[in-house]
Amino acid sequence: MARVAVIGVGGWGKNHARVMYELGCLAAVCDMDASRAEEAGGRYGVAHYSSPDEMLQNENLDACLVCTPTRTHSQVARKVMEKGLHAFVEKPLSFSSTECEEMAETAKQNRVVLTSGYIERFNPAVCETKKMISDRKYGDLLMMEFHRENRMPPHIKDVGIIYDTSVHDIDTAMYLFDSKPKVVFARSGKMFNPYEDFATIMLGFSGQKVAIIASNWITPKKTRTFNAVCTDGIIAGDFLTQEVRIEGGESTTIPRKQFQEPLLAELRHFVDVVDGKTESPVVSAKDASDVTKVAEAAIKSCSTGTPVNLDL
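To keep things clear, this report deals only with the structure shown in the data block. (Residues numbered from 1 in each chain as written. Predicted model: local features only at pLDDT ≥ 70, side-chain atom pairs only at ≥ 80, totals over all residues. Heavy atoms only, no water.)

Structural notes on the packing of aromatic side chains
Pairs of aromatic rings are described using the distance from one ring centre to the other and the angle between the two planes.
Okay, step 1: Summed over all chains, the structure comprises five aromatic pairs.
Okay, step 2: Taken together, a centroid distance of 4.9 Å and an interplanar angle of 40° make the contact between Tyr 21 and Tyr 44 tilted. Residue Tyr 21 is found in helix H1 (residues 13-22), and its partner Tyr 44 is found in helix H2 (residues 34-44); the two are separated by 23 residues along the sequence.
Okay, step 3: Accessibility expressed as a relative area gives 45% for Tyr 21, which makes it partly exposed.
Okay, step 4: In this structure Tyr 44 comes out as buried when scored by relative accessible area, which is 13%.
Okay, step 5: Taken together, the ring pairs connect Phe 146, Phe 226 and Phe 239 into an aromatic cluster.
Okay, step 6: Across from the ring centre of Phe 95, 4.1 Å away, lies the NZ or CZ of Arg 71, which sits over that ring.
Okay, step 7: The ring of Tyr 175 has Lys 130 sitting right over it, with the charged end atom 4.6 Å from the ring centre. (Phe/Tyr/Trp six-rings, centres within 6.5 Å; stacked < 30°, edge-to-face > 60°. Helix = DSSP H or I, 4+ residues; strand = E, 2+ residues; numbered from the N terminus. Buried < 20%, exposed > 50% of the residue type's maximum accessible area, 1.4 Å probe, protein only. Lys NZ or Arg CZ within 6 Å of the ring centre and 35° of its normal.)

Section: the nonpolar core
Okay, step 1: Among the nonpolar cores identified, the biggest contains 70 residues, and Met 55 and Leu 203 are the most heavily contacted of them.
Okay, step 2: Here the element with the most residues in this core is helix H7 (residues 161-177); it accounts for nine residues.
Okay, step 3: When neighbours within four sequence positions are excluded, Met 55 is seen to be in contact with Ala 5, Ile 7, Ala 28, Val 29, Cys 30, Tyr 49, Leu 61 and Cys 64.
Okay, step 4: Counting 24 residues, the second largest nonpolar core, distinct from the first, contains Val 9, Met 20, Val 29 and Ala 40. (Core = buried A, V, L, I, M, F, W, Y, C linked by side-chain atoms within 4.5 Å. Contact = heavy atoms within 4.5 Å.)

Here we look at the pairing of strand S1 (residues 4-7)
Okay, step 1: Side chains Val 4 and Val 6 of S1 all project onto a buried face; the interleaved residues Ala 5 and Ile 7 project onto the opposite face, where all are buried too.
Okay, step 2: One ladder, built from four bridges, connects S1 with strand S2 (residues 26-30); its direction is parallel. Each bridged residue has a counterpart across the sheet, and for Val 4 the counterpart in S2 is Leu 26.
Okay, step 3: Of the crossover connections in this fold, the one passing from S1 over H1 to the parallel S2 is right-handed.
Okay, step 4: When S1 meets strand S4 (residues 63-66), the two strands line up parallel, connected through four bridges. Counted as the bridge partner of Ile 7 is Val 66 from S4. (Pairing = 2+ DSSP bridges. Right-handed = clockwise from strand over helix to strand, strands pointing away.)

Things to note about the packing of helix H5 (residues 97-110) against helix H9 (residues 285-304)
Okay, step 1: Relative to each other, H5 and H9 sit at 170°, their axes nearing to 9 Å. The pairing of H5 with H9 is recorded here as roughly antiparallel in orientation. In contact with Ser 97, Cys 100, Glu 101 and Ala 104 of H5, H9 contributes Ala 285, Ser 289, Thr 292, Lys 293 and Glu 296.
Okay, step 2: Here the contact of H5 with H9 is composed, by residue class, of three nonpolar, three polar and three charged. (Axes fitted to C-alpha atoms, helices over the stretch in contact; angles between N-to-C directions. Parallel < 35°, antiparallel > 145°, perpendicular 65-115°, else oblique. Nonpolar A, V, L, I, M, F, W, Y, C, P; charged D, E, K, R; others polar.)

Here's the deal with the pattern of salt bridges
Okay, step 1: Applying the stated criterion across every chain, the model contains 18 salt bridges.
Okay, step 2: Across the pair Arg 43 and Glu 39 runs a salt bridge whose closest N-O atoms are separated by 2.6 Å. On the criterion of helical spacing, the pair formed by Arg 43 and Glu 39 is a turn pair, its members being four residues apart in helix H2.
Okay, step 3: A relative accessible area of 51% means that Arg 43 is categorised as exposed.
Okay, step 4: Of the charged contacts, one joins Asp 290 and Lys 180 as a salt bridge, the two residues approaching to 2.6 Å between their closest N and O atoms. Remark: Lys 180 occurs in the loop between H7 and strand S8 (183-189) and Asp 290 occurs in helix H9; sequence separation between them is 110 residues.
Okay, step 5: Residue Lys 180 is classed as partly exposed on the basis of its relative accessible area of 25%.
Okay, step 6: A network of salt bridges, in which partner residues are shared, links Arg 18, Glu 22 and Glu 261. (Salt bridge = Lys/Arg side-chain N within 4 Å of Asp/Glu carboxyl O.)

Considerations on the pairing of strand S6 (residues 114-117)
Okay, step 1: Pairing of strand S5 (residues 86-90) with S6 involves four bridges; the strand directions are parallel. Considered in S6, the bridge of Phe 88 is made with Thr 115.
Okay, step 2: Handedness of the crossover joining S5 and S6 through H5: right-handed.

In structure tokens, the structure reads:
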């Protein structure tokens, strides 16, 4: 079984440590907050460190999960990969597409796997929708609509809602369309935070296809929904409940399968890649880099007020 360390066990990273422990793969934890690292190490009975360099020097590992703040992803992940270890980096891979490409090159040079945590690809609602779209069960997919609303997570301090939240739907849109956008237009605003805390992004794909992504950290109610508008019906999904229903002449709810934790499915898949049971990750380094390029274009469009053309 793979030996995996988690770097960054605050915020979302503490869930990665829990899941890796459940999978029997957790070998060590690391966090700059020494007390937090000690608490996590004690909880799971593994070695704990406050320095990634010290951990990488002392531990015999196969891979690391990098769950540190976004602006440290490149620095930390490259240290991991230069040690010959596989790297799972929480989304976004980086806030900079240049850094994403440098990370991908480091992975290639060291012959290791680099992937990023676009967890919705492992959400049963998305998996079911992807199958229906691939089978053209309700005709051709023409338009996607996404809504994500919630109060701002307290641990997010170095990026705005586009890099923290909208990137999930950027990736899901490209995954379901099986295509990359040609143009991006976005508007955003700030009310309570240093970075944007609400944004609407429009992605234009070839063939007049479009995705509209609305995200905010303003409203108190947590919402995570999507609509896939097809020629013969609308596939409506809920990321939280994992329910899918078809809205057409008559509304039909597809019975939900047993609830599955997407993070567990995502990290089990990564472990299978590390162990050689699966050839390549579902989310490639290029996939993750392209999401960052779209997010960069959205930020640019917000500042200029004009659409940004892309060639991905």
